[in-house]
Amino acid sequence: GLKICACLGILKPEQAARLKEAGVDRYNHNINTSKEHHPNITTSHTYDDRVRTVETVKQAGISPCSGVIIGMRETKQDVINMARSLRILDADSIPVNFLHAIDGT
């Protein structure tokens, strides 16, 4: 049968529950980078907000998909920290994306 995967940003528990009721099987929400490097990437939300969303979908019974983006000026230690964080998150699927930065974008 058809499997439904959603990627809709940060979720509250009641939103995750509604997605589960609607038939969503998997939810993608990447941590993107390490906790230490996150403030250098965005200020609109915290690293903990991202982790909380992954935990929220797991609690709702939805299979979590969470990965990273390599190439955002992180250090080698950041990459190690990302891998450790993903292991702790215990996502069912871990996409690893590679950014090819273009000046001016």
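One can find the structure itself at the top, above this paragraph.
Rules behind the numbers
Residues numbered from 1 in each chain as written. Predicted model: local features only at pLDDT ≥ 70, side-chain atom pairs only at ≥ 80, totals over all residues. Heavy atoms only, no water. Pairing = 2+ DSSP bridges. Helix = DSSP H or I, 4+ residues; strand = E, 2+ residues; numbered from the N terminus. Disulfide = S-S within 2.5 Å. Buried < 20%, exposed > 50% of the residue type's maximum accessible area, 1.4 Å probe, protein only. Patch = residues over 30% accessible without salt bridge, like charges linked within 9 Å, V, L, I, M, F, W, Y side chains within 5 Å. Areas by Shrake-Rupley, 256 points an atom, 1.4 Å probe, with all protein chains shown as cover. Salt bridge = Lys/Arg side-chain N within 4 Å of Asp/Glu carboxyl O.

Participant: Hey, could you run me through the sheet that holds strand S1 (residues 5–6) in this one?
Facilitator: Note on sheets: strands pair through backbone hydrogen bonds, and any given pair is parallel or antiparallel. Pairing is parallel in the open sheet, where 3 strands are placed in the order S1-S2-S3. Both edges of this open sheet fall to S1 and strand S3 (63–65), since each of them pairs with a single strand only. Here S1 runs beside strand S2 (residues 26–28); their pairing, made up of 2 bridges, is parallel. Residue pairing across strands places Ala6 opposite Tyr27, the latter belonging to S2.

Participant: Help me understand the state of the cysteines, please; the structure alone is not making it clear to me.
Facilitator: In this structure the tally under the stated criterion is 0 disulfides. With no disulfide of its own, Cys7 lies closest to Cys5 among cysteine sulfurs, the gap being 7.2 Å. Its sulfur unpaired, Cys65 is 5.9 Å from the next cysteine sulfur, which belongs to Cys5. Since its relative accessible area comes to 9%, Cys65 is described here as buried.

Participant: Could you clarify how one ought to interpret a nonpolar patch on the surface in this entry?
Facilitator: A surface patch of nonpolar side chains, about 320 Å² in accessible area, is lined by Ile94, Val96 and Phe98. Position of Phe98 among the secondary structure elements: in strand S5 (residues 96–98). Residue Phe98 is classed as exposed on the basis of its relative accessible area, which comes to 65%.

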